[in-house]
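Per-entry structural report
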Amino acid sequence: MKTHLLENIVADKDSFIPNPPTPANRVHSLNHFKVERDHEDIAWITFDMQGSAANVWNENTLREFALCLEALSREGAAKALVIQSAKDKIFIAGADLKAVRNAPVRRVETLIQLGQKVFNRLAAMPMPKLALIHGACLGGGLELALACDARLASDSEQTRLGLPETQIGLIPAWGGSTRLPQLLGLPTGLELIVTGKLLKPSSAKRLGLVDQVVPREHLEKAARKMITEGLPKRDVPLNHAFWKLPGIRNALAHRVRNQVLEKTRGLYQAPLRAIEVATAASAAPLEKAMDLERHAILDLALTPQTEHLIDLFFRKEEASKKPYPRGVAMPIHEVAVIGAGVMGSGIAHWAASRGNHVLMQDIHPLALAKGLGRIQDLLKDGIKRRALTRRDMQDTLDRLTMEHTSVPLARYHLVIEAATEDMELKKKIFTGLAERSGPDAILATNTSALSIAELAATVPHPERVIGLHFFNPVHRMPLVEVIVTDQTSDDVTATAVAFVQRLGKTPIVVKDSPGFVVNRILMPYLMEAVRLHETGVAAEVIDEAMLEFGMPMGPMRLLDEIGLDVADHVANTLCAAYPDRLTGSSLLKRLVTEGKLGKKTGQGFYSYKDGGRNRKTVIHHDDAMIEHVQHRLALLLSNEAARCAYEGLTRQPSEIDLAMILGTGYPPFRGGPLAWLNDFGTDNAAVELRMLNVSTPEPNAFEPAAFPKT
Ligand code: NAD
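What you see is a predicted model; the values in this text were computed from it and never measured.

**Observations concerning the packing of helix 13 (residues 342–353) against helix 14 (residues 365–384)**
Packed helices, taken two at a time, are described by the angle between their axes plus the distance between the axes. Between helix 13 and helix 14, the least distance of the axes is 9 Å, while the angle of their chain directions is 45°. Viewed along their axes, helix 13 and helix 14 adopt a mutual orientation that is oblique. In the packing of helix 13 onto helix 14, the handedness of the crossing is right-handed. Here Val-342, Ser-345, Ala-348 and His-349 of helix 13 come into contact with helix 14, specifically with Gly-371, Arg-374, Ile-375, Leu-378 and Leu-379. Here the contact of helix 13 with helix 14 is composed, by residue class, of five nonpolar, three polar and one charged.

**Focus: the domain arrangement of the protein**
For the protein, the assigned domains read domain 1 (2–302), domain 2 (334–511) and domain 3 (518–694). Using C-alpha coordinates to define each centre, domain 1 is positioned 43 Å away from domain 3.

**Quick word on the environment of Ala-369**
Looking at the secondary structure, you find Ala-369 in helix 14. Looking at Ala-369, the relative accessible area reads 47%, which means it is partly exposed. The spatial distance from the C-alpha of Ala-369 to the C-alpha of Met-402 is 9.1 Å, given a sequence separation of 33 residues.

**Side note on the sheet that holds strand 5 (residues 90–92)**
Pairing is parallel across the open sheet formed by three strands, whose spatial order is 5-7-9. Edge positions in the sheet fall to strand 5 and strand 9 (160–162), since each of these pairs with one other strand and no more. Across the sheet, the mean angle from the axis of one strand to that of its neighbour is 10°, orientation sign disregarded. Inspection of the sheet shows strand 5 paired to strand 7 (residues 136–138) by two bridges, in the parallel sense. In the strand pairing of strand 7, Ile-92 is matched with Cys-137.

**Description of the sheet that holds strand 16 (residues 465–470)**
The eight strands lie next to each other as 13-12-11-14-15-16-17-18, forming an open sheet whose pairing is mixed. Two strands lie at the open edges of the sheet, namely strand 13 (400–403) and strand 18 (506–511), each paired on one side alone. Sheet twist, expressed as the average angle between the axes of neighbouring strands with direction ignored, equals 25°. Bridging between strand 14 (residues 414–417) and strand 15 (residues 442–445) involves four bridges; their strand directions are parallel. Residue pairing for strand 15: Glu-417 is matched across the bridge by Thr-445.

**Some words on the UniProt feature "domain: 3-hydroxyacyl-CoA dehydrogenase C-terminal" (unreviewed entry) in the protein**
The sites that carry the UniProt feature "domain: 3-hydroxyacyl-CoA dehydrogenase C-terminal" (unreviewed entry) are, in the present numbering, residues 515–608. Between the end C-alpha atoms of residues 515–608 the distance is 29 Å, and the span holds 62% helix and 0% strand.

**Re helix 11 (residues 286–301)**
Compared with an ideal rise of 1.5 Å per residue, which puts 16 residues at 22 Å, helix 11 spans 22 Å between its outermost C-alpha atoms and is within 8% of the ideal. When we look at burial in helix 11, the residues that qualify are Ala-289, Met-290, Glu-293, Arg-294, Ala-296, Ile-297, Leu-298, Leu-300 and Ala-301. Looking at the buried residues of helix 11, the elements they touch are helix 2 (105–124), helix 4 (176–184), helix 10 (269–281) and helix 12 (304–321).

**Describing the site of the ligand**
Inspection of the region around the ligand gives 22 residues, with Met-343, Asp-362, Glu-421, Lys-426 and Ser-448 positioned closest. Note that an oxygen atom of the ligand is positioned 2.5 Å from one of the side-chain N or O atoms of Glu-421. Against a free-state accessible area of 830 Å², the protein chains account for coverage of 78% of the ligand. Those elements that provide at least two residues to the shell around the ligand are helix 13, helix 16 (423–436) and strand 16. Considering each element in turn, the shell around the ligand owes the most residues, three residues, to helix 16. Residues of the shell around the ligand, tallied by class, amount to 10 nonpolar, nine polar and three charged.

**Section: the packing of aromatic side chains**
Enumeration according to the criterion identifies 12 aromatic pairs in this entry. Taking 5.6 Å as the distance between ring centres and 75° as the angle between the ring planes, the aromatic pair formed by Phe-313 and Phe-314 counts as edge-to-face. Of the residues examined, Phe-313 reaches a relative accessible area of 35% and is grouped as partly exposed. Among the aromatic residues, those joined into a cluster by ring pairs are Phe-33, Phe-47, Trp-57, Phe-65, Phe-119 and Trp-174. One residue, Lys-505, lies across the ring of Trp-350, its end atom 4.0 Å from the ring centre. Over the ring of Tyr-578 we find Arg-581, and its NZ or CZ is 4.6 Å from the ring centre.

**Comments concerning the pairing of strand 17 (residues 479–484)**
Across the six residues of strand 17, six count as buried, placing the element largely inside the fold. Across four bridges, strand 16 lies against strand 17 in antiparallel orientation. Among the inter-strand pairings, Phe-470 is bridged to a residue of strand 17, identified as Val-480. Alignment of strand 17 against strand 18, held across six bridges, turns out to be parallel. For Leu-479, the partnering residue across the bridge sits in strand 18 and is Thr-506. For the segment spanning strand 17, helix 18 (residues 490–502) and strand 18, crossover handedness is right-handed.

Calculation rules
Residues numbered from 1 in each chain as written. Predicted model: local features only at pLDDT ≥ 70, side-chain atom pairs only at ≥ 80, totals over all residues. Heavy atoms only, no water. Axes fitted to C-alpha atoms, helices over the stretch in contact; angles between N-to-C directions. Helix = DSSP H or I, 4+ residues; strand = E, 2+ residues; numbered from the N terminus. Parallel < 35°, antiparallel > 145°, perpendicular 65-115°, else oblique. Left-handed = near helix turned anticlockwise from the far one by under 90°. Contact = heavy atoms within 4.5 Å. Nonpolar A, V, L, I, M, F, W, Y, C, P; charged D, E, K, R; others polar. Domains from an automatic or database assignment. Buried < 20%, exposed > 50% of the residue type's maximum accessible area, 1.4 Å probe, protein only. Pairing = 2+ DSSP bridges. UniProt positions renumbered as here; feature names shortened; annotations may be inferred. Expected span 1.5 Å × (residues − 1). Near = heavy atom within 4 Å. Polar contact = N/O pair within 3.5 Å; in protein donor to acceptor, adjacent residues only side chain to side chain. Areas by Shrake-Rupley, 256 points an atom, 1.4 Å probe, with all protein chains shown as cover. Phe/Tyr/Trp six-rings, centres within 6.5 Å; stacked < 30°, edge-to-face > 60°. Lys NZ or Arg CZ within 6 Å of the ring centre and 35° of its normal. Right-handed = clockwise from strand over helix to strand, strands pointing away.

Below you can see the structure in the form of structure tokens.
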């Protein structure tokens, strides 16, 4: 029987659980929780959020959980309290971010206060409290577990523990910034909070975050045994008292702060604030520690930076999980990859390691051998980083076959062509693929910029042709542009989207057009960087400006990494498509002719003697120059992004922002080039672009696009 106890709640400032009904029996079912007291006098709270695949904390669930605690207190202390989840893959996924996004500050404050009160109350309950963790135990989920006396985790692949709040511009403020360092010692606590790292159960055990790791089906038995035999005596973290000494504590905070500044150039506020709070809280009484956490999160929650990061989280979730709205997705488990070069072997590795049977084909046996070598290196590296076991490596290799002749491809439902970037070669390959593959096979190409429609015209079933544009290196880059022509069928698009999602990547469906979205927006920016360099601005200054803007790599160094020949090739495609405003770079062409192709030849815009980038010191740059370069290049990125939005290349403009963040590392805290434009002000941007346009020799290079109305 469900009892709607929430109706009794009066939002009173001091008492948030007024008049809960006295339980008459030993089982209480609320909307989202079940409370039971068993024959051994152990109390069990099971979280099962209704209407949701995940358990999350919002005002409702927190208040209900408080009612559970209240009910247990009124019944008299149980022998122990065990908290578990009824969900298959999730313990508690954290706070309901929808409750924070765009919420008025008072609402956020209420939520934070409520969570702190409830978890403090849990921590103060007189019996031993145990969290039984199976599945994701993140943010507020781990903060609940930290308020318990012991944590038992399942050894499942689904189980992950961590406090990722700083990654979305927040800090753990339901006691996490205080209790994690208390449990693990300040150095480890700070590291986990600042990086937002998610731990596997085995690593969590090694650090002392969980007390026991057992198979999921043994969790209950292990909990009962632990209650009977007594909770494990916790070793005080090494030098715990030492790190509490004010001088030592502050020196540690200073060191971690410097590490964060080196990585983020101070552009991200949350990790810096988290260091301050966790360090001060580690030596403060509980009430003061909670105040510090609360004030910090309220300062951070409503900043544009945090709003962008939370928006990004939602967009990525949606793109990575939501099925394509039209068409029917067919399951794909057999994939052929044509070409065993950098991209072909990268795609083959990733697809095979995600459970697909993969045929990798190349005309050159040596290319196949090299491709296999790259795959083996990636797998070995995974073992070294403990991300993989030897068994995983063997299973992946067992799913991989290689071939250098044109064998029939009837069993492969998806063929991904990743051969050399040459339209005539690709047309020939596609003609052959149409003959060799089954009647329903999807023919995909990984081309960087060639027309998918032109390729599709070479086969009898153009509706089965699609672009799957993976990025380099495949194992690191989360984005795949799914490029559709006017003829691509909805079923094929839905299947490709589902396949990419199953690979754990984020698909973004893009209309076929030169450069698609990412290269289309990136190339004018890279070309402009080269032009600036030609006018006398040092490569280091240009790179420094964009690093300060938040890009992970400056444009000159990025060109060297891509290869100047490859960049020139893509630039040519785009210049041919938009001759009115894009012109190639003579400097780039000269360097290509001289064989200076970037990192791969040891010389590009930088010199790479001894295998590494020869870091020249920046001789002199003034702030005005840095700002000039930033404006010029950032405006160009946003201008091209606005054109893509205007042309409707993606279903929603926000997908352009997501594609640029995932495909190029555009600074996430800026929300993407369209969001940046919005923050900069479209009117301001138009004025600046017009001024740049008249002062630039290349006609129309800075002609403002039609900006979306703000
Ligand atoms: P690569 O030169 O490393 O590899 C191309 C491979 O294709 C070679 O091993 C070659 O032997 C093979 N090949 C040539 N003709 C073939 C045929 N008829 N049948 C089978 N194999 C054949 O090139 P790459 O960097 O892996 O690029 C492959 C594709 O991916 C290109 O279209 C490129 O534009 C695109 N792409 C490249 C990158 C990148 O950064 N390298 C990123 C995204 C997309």
